[in-house]
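Breakdown of the fold
Take a look at the letters that make up each chain.
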Amino acid sequence: MEQIPGSRCGRCGRLAAPPARFCPDDATPMEPAAFPAHGEVISFTTLHSPPTGFTSPLHMALVELPGGARCFCHGSGTRGLKVGTQVAIESVDQIYYFSTLSLGERARLFWRRSGERSARLASFAKSATKRLGRFGR
Amino acid sequence: MGAVYLAGAAMTRFGVRAESLFDLMAEAAHAVLKASAIESPDALVVSAMNPEEFVGEGNFASHVGTYLGLARTPSLRVETATSSGAAALFAAYAAVAAGVYRSVLVVGGEKMTHLPTPRVSELIGRSIDPYERSYGATMPALAGLVTRAWMARTGSTLKDISLVAVKNHANAAKNPWAHFQAPVTLDAVFGSRLVAEPLRLYHCCPISDGAAAVMVVAERAPVRIAAIGQGADYLALRYRDSFTGFHASQAAARAAYQMAGFGPERVEVAELHDAFTPFELISMEDLGLAPSGKAARMLAHGETALDGRLPINPSGGLKARGHPLGATGLSQVVELYWQLTGQAAGRQVEARVGLAHSIGGLATTNWVTLLERAA
């Protein structure tokens, strides 16, 4: 199951993602921690004039992970997204991406793919299993 | 702690200016030396957020001092990102209150419009947490995130935040020192291009050039600085647990009201940091100028208009007067000085106590200043 590396303050219990060297409140080193890679959208925006090195439109969200640490993420779109939506988070090259695909949406997406029926079923099963695993605990 | 007064205030017109940063700062500073009839202040405090990169100058206080003709006056520069002007006023206030100096000239300015907008955005964005910046976060992006969360939590609407722009442009149209000189309609705000959803262009302040200056003195003068309070918050947005208000504003207000010995009920005019229009509504509640959840209704009912019960941003605010970073905090104080001494022709309100509120970064280092007409 995918986890997001972070840190925890031994004094006040604050959680941070990604890991921070010192607690922002206690001037004390933080300890390593890890959080499940899903959570609730606190807010999101689409930036139409992103800085150099990014393409427009740039979608980003702030997601609260189980335990309370908040994580910055990119995403491929914000259609249907609301404050409070549950999203999965995947990491690619240490950049986090949120995704809102439900089981039904995954099924429809894979059904529309060309190819053998068995191949479509297999890829849906793989995706769905990954998702179930992510939300399982 | 001794009483501290303002003996004079001046600013340049904000906007796209051809003059150098030094000429803009000299225009404001020399006007204050004249208005306060003090030729040789004991010290000089300079504010500029990033002159190293905007105009390529270092050792900035000495540079400004020499240019102004105060080369051998002790000088220092103060920087707290976009609230640097308020921080410079605080440094002067503290020095005079402590009896270190009897008179301090404070001058702030920024020159920005000569650079392309993406570069300006990048330079301002340096005030953001580096990790969040690595995701492409800019000030409008973080403001968009805060605004969306605040709207979801409070039920505030796009119309609410758009009415702030309409009001502040209307005020700026009466202020010859303002960047924008024309009113805007609600439709124009709704029709402006998206910047960082849900924020559109007309919800955001412009990029401006300009300077502002005040003279801080120990001797009795027309306006008294009743208090200056500062509040701080995490640089990283992801460390904050609430977006319904800014902790740094709330803490700054608490400190200022305690220092002044009075609360928001005595405030009769306010200049708030509306770099993004929802911030005006958020700040009204943070500062106790509106009951929780009531700021949008006060605005819609005209209570914060020029002829309202509590005029807010009579200058046009950052939204329409403009936002030359290092000048902004001081320009709020200049506007209040003019309002309290009857020199705000065309937009004059009746007030004895004014409040200035300045946000540094994405509300990581905020200031609240209380000014009172000296009876």
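Heads up: the structure comes first, above all this text.
Calculation notes
Residues numbered from 1 in each chain as written. Chains lettered and ligands numbered in written order. Predicted model: local features only at pLDDT ≥ 70, side-chain atom pairs only at ≥ 80, totals over all residues. Helix = DSSP H or I, 4+ residues; strand = E, 2+ residues; numbered from the N terminus. Contact = placed C-beta atoms within 7 Å. Buried ≥ 20, exposed ≤ 12 C-beta atoms within 10 Å, placed from the backbone. Pairing = 2+ DSSP bridges. Core = buried A, V, L, I, M, F, W, Y, C linked by C-beta atoms within 7 Å.

In this section: the overall build of chain A. A count of helices and strands for chain A gives two helices and eight strands. In chain A, the succession of helices and strands from N to C terminus is β-β-β-β-β-β-β-β-α-α. Of the contacts made within chain A by residues no fewer than 6 positions apart, 43% connect residues no fewer than 24 positions apart.

Moving on: the pairing of strand E11 (residues 365–373) of chain B. Residue and element names in this part refer to chain B. Taken across its nine residues, E11 has eight buried, putting it largely inside the fold. Taken together, the nine bridges between strand E8 (residues 223–232) and E11 define a ladder with antiparallel strand orientation. What sits directly across from Ile-225, in E11, is Leu-371. As judged from the six bridges shared by strand E10 (residues 353–358) and E11, these two strands associate in the antiparallel manner.

Moving on, we get to the pairing of strand E7 (residues 210–217) of chain B. All names here are of chain B. When you tally the buried positions in E7, you get eight out of eight residues, the bulk of the element. The alternating pattern of E7 places Gly-210, Ala-212, Val-214 and Val-216 on one face and Ala-211, Ala-213, Met-215 and Val-217 on the opposite face, and all of these are buried. The pairing of strand E1 (residues 5–11) with E7 spans six bridges and is antiparallel. Within E7, the residue paired with Gly-8 across the bridge is Met-215. As defined by bridge partners, strand E4 (residues 103–110) adjoins E7 across eight bridges and the pair is classed as antiparallel. The residue of E7 that forms the bridge with Ser-103 is Val-217.

The next point concerns the nonpolar core. Residue and element names in this part refer to chain B. Among the nonpolar cores identified, the biggest contains 162 residues, and Val-106, Ala-213 and Val-214 are the most heavily contacted of them. Per element, the largest residue contribution to this core is 10 residues, and it comes from helix H4 (residues 84–97). Excluding anything up to four places from it in sequence, Val-106 contacts Val-45, Ala-88, Leu-89, Ala-92, Ala-213, Val-214, Val-216 and Leu-330.

Let us now look at the environment of Leu142(B). The residue Leu142(B) is located in helix H7 (residues 139–154) in this model. Residues within four places of Leu142(B) in sequence aside, it is in contact with Ile128(B), Ala137(B), Leu237(B) and Leu362(B).

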